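# Architecture at a glance
Listed below, chain by chain, are the residues.
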Amino acid sequence: MPDFLKPYARFITLVREAVVRGRVRRGLPWSTLARRLSSPTVSWLSEKTLRRWLVRARALAGEWSQYLAERVLRFWPDTDLDALTPRREGPDATLHFLLDVGDWYRRQMGRRPEEHGGVFAALNRLGEGTASL
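Residues numbered from 1 in each chain as written. Predicted model: local features only at pLDDT ≥ 70, side-chain atom pairs only at ≥ 80, totals over all residues. Heavy atoms only, no water.

### Things to note about the packing of aromatic side chains
- For the structure on display, the rule yields four aromatic pairs.
- With centroids separated by 5.7 Å and ring planes inclined at 85 degrees, the aromatic side chains of tryptophan 64 and tyrosine 67 adopt a geometry described as edge-to-face. Here tryptophan 64 pairs with tyrosine 67, and both are found in helix H3 (residues 47-75), just three residues apart, close to one helical turn.
- Take tyrosine 67: its relative accessible area is 11%, and that puts it in the buried class. (Phe/Tyr/Trp six-rings, centres within 6.5 Å; stacked < 30°, edge-to-face > 60°. Helix = DSSP H or I, 4+ residues; strand = E, 2+ residues; numbered from the N terminus. Buried < 20%, exposed > 50% of the residue type's maximum accessible area, 1.4 Å probe, protein only.)

Rendered as structure tokens:
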């Protein structure tokens, strides 16, 4: 299965990541996210669906952060992971860490974060046995 799809999911991984980034990074209201991510070719996204996606991302963020940190340190052992991401508190601290380190990782692989299919898709491609984001 392509990395931009999640098994049995109706929306591509990049859309789910856009919800997480929009809500966690920019604090956008659910209604704004639903409006921005819906289109004539995509039916209206309900706020309930968006909330469910964020809950799932929060639930998987710890496992994925650990996997990504181990991978980064395997290939770049001198990397200071704490220097890659500002110190954050609260329920989304792990998601921030995952996105920050994920964007850094993608840049190391020769891609700018805005030019790729997203951190979640990249991790889904790499993950061995970890639940899809």
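### Some remarks on the packing of helix H1 (residues 13-25) against helix H6 (residues 119-126)
- With their axes 8 Å apart at the nearest point, H1 and H6 run at an angle of 125 degrees to one another. On the basis of the axis angle, H1 is oblique to H6. On H6, the residues touching Thr13, Glu17, Val20 and Arg21 of H1 are Val119, Phe120, Ala121 and Asn124.
- Residues that form the contact of H1 with H6 fall into these classes: four nonpolar, two polar and two charged. (Axes fitted to C-alpha atoms, helices over the stretch in contact; angles between N-to-C directions. Parallel < 35°, antiparallel > 145°, perpendicular 65-115°, else oblique. Contact = heavy atoms within 4.5 Å. Nonpolar A, V, L, I, M, F, W, Y, C, P; charged D, E, K, R; others polar.)

### Describing H1
- With 13 residues, H1 ought to run about 18 Å at 1.5 Å a step, and its terminal C-alpha atoms sit 17 Å apart, in line with that.
- Among all positions in H1, only Thr13, Val15, Arg16, Glu17, Val19, Val20, Arg21, Gly22 and Val24 are buried.
- Among the structural elements, helix H2 (30-37), H3, helix H5 (93-108) and H6 are those in contact with the buried residues of H1.
- Phi turns positive one or two residues past the end of H1, at glycine 27, with a value near 65 degrees. (Expected span 1.5 Å × (residues − 1).)

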